[in-house]
Amino acid sequence: MESVAPTNRMALAHSIFTPLKPLTTTPRPLLPHNFPPRLPLCRAANINRRQLIAETAAAIVLPPLLGVTLSPIPAAKAEETPLSEWERVFLPIDPGVVLLDIAFVPDDPNHGFVLGTRQTILETKDGGTTWVPRSIASAEEEDFNYRFNSISFKGKEGWIIGKPAILLHTSDAGENWERIPLSSQLPGDMVYIKATGEQSAEMVTDEGAIYITSNKGYNWKAAIQETVSATLNRTVSSGISGASYYTGTFSTVNRSPDGRYVAVSSRGNFYLTWEPGQAYWQPHNRAVARRIQSMGWRADGGLWLLVRGGGLYLSKGTGLTEDFEEVSVQSRGFGILDVGYRSQDEAWAAGGSGILLKTTNGGKTWIRDKAADNIAANLYSVKFINDNQGFVLGNDGVLLKYLGQFWKQILETGLL
């Protein structure tokens, strides 16, 4: 837990309207204000006329008071590419920017921010449909090109961290940001921050330091007694492969809703866990032959594990364990980089070369969303803000927005 962009096809399709009363002239059909609609991700190269007509008709939502009906549309053939549940959002940034994190204000799900490399901060006030660059003066005073790694909100209070070391804080839902000074003795680079309450946050560095603040970041208290390097070098007889004389950092770190952490060593040869109240990180041998790419938490409290080369494993049970079983996935040989759960049953996995995979049974089986194959970009992160709002972040400024519930409602109308 970094490309020919696909073209959004739009086409007008004439519908046959049956007037309620005989008319001497043919009335002009009333169309929604947002017609023609934006279509989801599709195969730009091989799309046919049947697909264009079907997709356009599906996107038209007629007001019920018009008293008109649509002519039946033939069902799509089984061999045709299925409708995607994601839409690409094009951003006003340089192509080389890697998107790293996204968050929305809890009290206003339409207001959010997305972060990235090259000092990228974008803001939306319409739920993620359109984005504009956001300039923060306190982050531009020095001649640095910041990499903004993480953002988090609790109520109207928000935090942003980046590299080189920078900490930004807002108490008015991001309308104004102030820079909070940091100690030069901070071990490692800040990689994750979580807003936990009023003027309170939890921050993690890539060397395993965890700090907690309750006064808006002006003072931080260590939640563990030593960094991961110190723990592993002190316990070289622990039996952890690759832990002796360890001087590396975390490659990924993920936090569960109840405050537990799982992190992967930079070389992927073992992983570590931490729970509130523990004095040290707990190292674990990897249970698979290949090196670990990333790990995270399932919606039921269990763990998922990705290995380099595209393998996906799920832990047995819902607690911390070293017992994992492999799940078959169609990754086409590309690595899977992240997994995000929309609900306890539905989750999405993303990875190299536009790989998108979906499960509807908690991860037991996965199907590939082929409509994203035309995106020649690596998809690094899957984030669900809530059940109906999700995003996939990638390199080259690629941002995908979740449309699943919208298209489910369209399909239930019987138009397709």
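In the block above lies the structure referred to throughout.
### Brief notes about the pairing of strand S11 (residues 200-205)
And step 1. Across the six residues that make up S11, a large majority, six, are buried.
And step 2. With burial as the criterion, each face of S11 is covered, one bearing Ser200, Glu202 and Val204 and the other bearing Ala201, Met203 and Thr205.
And step 3. Pairing between strand S10 (residues 190-197) and S11: six bridges, direction antiparallel. Within S11, the residue paired with Tyr192 across the bridge is Val204.
And step 4. Taking the residues that link successive antiparallel strands as the turn, the S10-S11 hairpin has two residues, and the phi of Gln199 there is positive, at about 55°.
And step 5. Taken together, S11 and the strand that follows it, strand S12 (residues 210-213), pair antiparallel across an intervening segment of four residues, in which Gly208 is found at a positive phi of about 95°.

### What to know about the side chain of Asp373
And step 1. Structurally, the position occupied by Asp373 is in the loop between strand S25 (367-368) and strand S26 (379-386).
And step 2. Residue classification places Asp373 among the buried positions, given a relative accessible area of 17%.
And step 3. One polar contact links Asp373 to Arg368, side chain to side chain, over a distance of 2.5 Å.

### Things to note about the sheet that holds strand S23 (residues 347-351)
And step 1. As summarised here, the arrangement of the four strands in space is S22-S23-S24-S25, forming an open sheet in which the pairing is antiparallel. Each end of this open sheet is capped by a strand with a single partner; those strands are strand S22 (336-341) and S25.
And step 2. In this sheet, S23 lies alongside S22 in antiparallel orientation, the contact comprising five bridges. Its bridge partner being in S23, Val339 is matched across the sheet by Ala349.

### Digging into the nonpolar core
And step 1. The biggest cluster of nonpolar side chains holds 16 residues, and the ones touching the most others in it are Ile121, Phe148, Ile151, Phe153, Ile160, Leu168 and Trp177.
And step 2. Looking at which element gives the most residues to this core, the answer is strand S6 (residues 147-154), with three residues.
And step 3. Residues in contact with Leu168, not counting those within four places in the same chain, are Ile136, Ser138, Ala139, Phe148, Gly158, Trp159, Ile160, Trp177, Glu178 and Arg179.

### Regarding the packing of aromatic side chains
And step 1. Evaluation of the coordinates by the stated rule reveals 18 aromatic pairs.
And step 2. A centroid spacing of 6.4 Å and a plane angle of 80° characterise the contact between Trp131 and Phe391, whose relative ring orientation is edge-to-face. Taken together, the positions of Trp131 in the loop between strand S4 (120-124) and strand S5 (132-133) and Phe391 in strand S27 (residues 389-394) put the pair 260 residues apart, joining distant regions of the chain. Of the two residues, Trp131 and Phe391, both sit in the buried class.
And step 3. Between Tyr261 and Trp274, the ring centres sit 6.0 Å apart and the planes meet at 45°, which makes this aromatic pair tilted. On the criterion of sequence distance, the pair formed by Tyr261 in strand S15 (residues 261-265) and Trp274 in strand S16 (residues 270-274) is long-range, its members being 13 residues apart.
And step 4. Looking at Tyr261, the relative accessible area reads 0%, which means it is buried.

### Topic: the sheet that holds S27
The strands making up a sheet associate through hydrogen bonds between their backbones, and the pairing can be parallel or antiparallel.
And step 1. Reading across from one edge, S1-S28-S27-S26 is the order of the four strands in this open sheet, with antiparallel pairing throughout. Each of the sheet's edge strands pairs with one partner strand only, and the pair in question is strand S1 (86-89) and S26. When the angles between neighbouring strand axes are averaged without regard to direction, this sheet yields 25°.
And step 2. With three bridges joining them, S27 and strand S28 (residues 399-402) adopt antiparallel strand pairing. Following the sheet pairing, Leu393 is matched in S28 by Leu399.

What counts and how
Residues numbered from 1 in each chain as written. Predicted model: local features only at pLDDT ≥ 70, side-chain atom pairs only at ≥ 80, totals over all residues. Heavy atoms only, no water. Buried < 20%, exposed > 50% of the residue type's maximum accessible area, 1.4 Å probe, protein only. Helix = DSSP H or I, 4+ residues; strand = E, 2+ residues; numbered from the N terminus. Pairing = 2+ DSSP bridges. Polar contact = N/O pair within 3.5 Å; in protein donor to acceptor, adjacent residues only side chain to side chain. Core = buried A, V, L, I, M, F, W, Y, C linked by side-chain atoms within 4.5 Å. Contact = heavy atoms within 4.5 Å. Phe/Tyr/Trp six-rings, centres within 6.5 Å; stacked < 30°, edge-to-face > 60°. Axes fitted to C-alpha atoms, helices over the stretch in contact; angles between N-to-C directions.

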